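Residue-level structural notes
So the chains spell out like this:
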Amino acid sequence: SMVLVSANALSEEVERNVSSYNVSLVLFKAQHEDARQTEQVKASIHYRFSIYHALNVHFVNSPSLIVMEAGVVTAPDFFGYFAQLEHLLLSDSGLWCVSAWNGYALSPYVADPSALLRTDVFPGLAFMLPGQLFRTEILGKWPRRSGSEYLRSRTLRGGRQCVIPEIPRIQRGAVEENDYFHPGPLHDALDLGDVARLTTE
C-alpha cells in the first residue's frame, strides 16, 4: 500500500478504516521507560517512530514522504497536488517542504486552486519533505520533548522555504456541502501549471 497508518493502539475504528481503505498499519508500542513520560513526550517519540518506519521499512528509498497528522480531512486533489510539486521540491535547494495547509486562507479572499505561494513558516498538519532530508538532517536530532516544535524551528529551516496552496487541500473537522472538499469535475483535471514559476534559482 502507498498509505501507511501509524497507531499507538488498536480499536474497532482503526481496524475498520484500515480494512475499508486497504492501507497498511504499523503499531507503535512505547518502551517501558518511555511509557512513563508525559503525553507530549510520548507523542514526539511516536511521531519519530512513524517517520523512521515509513522511510526505512515501508517506503525504502522513497525520494519523498507525505506526513499527515490525525484529524484532518483531505480535498479530492490532495495527492495530485503533491505529485505535481514533488519535482520542484527535490530540485530547488531553497525549498525544504510542500504543505497542503494554508492557515491564512480566508474566504472570500482565496479563490484560485492553482495559485501557490512560498513561505518562511512551516505549516505542518499535512506536508511533504524529501526523504533524504528526513534521513540526514531531521531524524538524528529529533527531540523527545516536541517533534512539532522541532519541525517549526528556525534552526532546522536554515533559511529554506515551504510551498503552500492559496486554497488549502486539508481542513479539520466536517466539510460543508458544495465545499471545495467535495469531489467534482474541478478536481479531475486540476493543473497547477508550470510550477517552475516558484523557483528562485
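Analysis parameters
Residues numbered from 1 in each chain as written. Predicted model: local features only at pLDDT ≥ 70, side-chain atom pairs only at ≥ 80, totals over all residues. Heavy atoms only, no water. UniProt positions renumbered as here; feature names shortened; annotations may be inferred. Helix = DSSP H or I, 4+ residues; strand = E, 2+ residues; numbered from the N terminus. Polar contact = N/O pair within 3.5 Å; in protein donor to acceptor, adjacent residues only side chain to side chain. Contact = heavy atoms within 4.5 Å. Buried < 20%, exposed > 50% of the residue type's maximum accessible area, 1.4 Å probe, protein only. Arc of directions from axis to C-beta. Pairing = 2+ DSSP bridges. Axes fitted to C-alpha atoms, helices over the stretch in contact; angles between N-to-C directions.

The name recorded for the chain in an unreviewed UniProt entry is alpha-1,3-mannosyl-glycoprotein 2-beta-N-acetylglucosaminyltransferase, from Noctiluca scintillans. Quoted straight from UniProt, the Subcellular location (unreviewed entry) entry for the chain says "Golgi apparatus membrane".

1. Side note on the side chain of arginine 160
With respect to the helices and strands, the residue arginine 160 is situated in the loop between α7 (154-157) and β8 (161-165). A polar atom in the side chain of arginine 160 sits 2.9 Å from the backbone oxygen of leucine 156. Only 3.0 Å separates the side chain of arginine 160 from the backbone oxygen of arginine 157, close enough to count as a polar contact. Contacts of arginine 160, omitting those with residues within four sequence positions, involve Ser93, Gly94, Leu95, Trp96, Leu133 and Glu137.

2. A word on helix α5 (residues 131-138)
Within the sequence span of α5, burial applies to Gly131, Leu133, Phe134 and Ile138. Relative to the axis of α5, the buried residues are bounded by an arc of 165 degrees and lie together on one face. Close packing links the buried residues of α5 with α3 (39-58), β3 (64-68), β5 (95-99), β7 (126-130), α6 (147-151) and α7.

3. Here's the deal with the environment of glutamine 84
Summarising the element assignment, glutamine 84 is placed in helix α4 (residues 78-91). In this structure, the C-alpha to C-alpha distance between glutamine 84 and leucine 192, residues 108 residues apart in sequence, is 7.2 Å. The contacts of glutamine 84, once residues within four sequence positions are left out, are Leu190, Asp191, Leu192, Gly193 and Val195. In terms of polar contacts, glutamine 84 uses its side chain to reach the backbone amide nitrogen of leucine 192, at 2.9 Å.

4. Focus: the sheet that holds β7
Within the open sheet, the five strands sit side by side as β3-β7-β5-β8-β6. Their pairing is mixed. Each of the sheet's edge strands pairs with one partner strand only, and the pair in question is β3 and β6 (116-119). Each neighbouring strand pair of the sheet contributes to a mean axis angle of 25 degrees, computed without reference to strand direction. Bridge count between β5 and β7: two bridges; the pairing is antiparallel. Across the sheet, serine 99 pairs through a bridge with phenylalanine 127, a residue of β7. Sitting on the sheet, α3 is in contact with β3 and β7, with an inclination near 145 degrees to β3.

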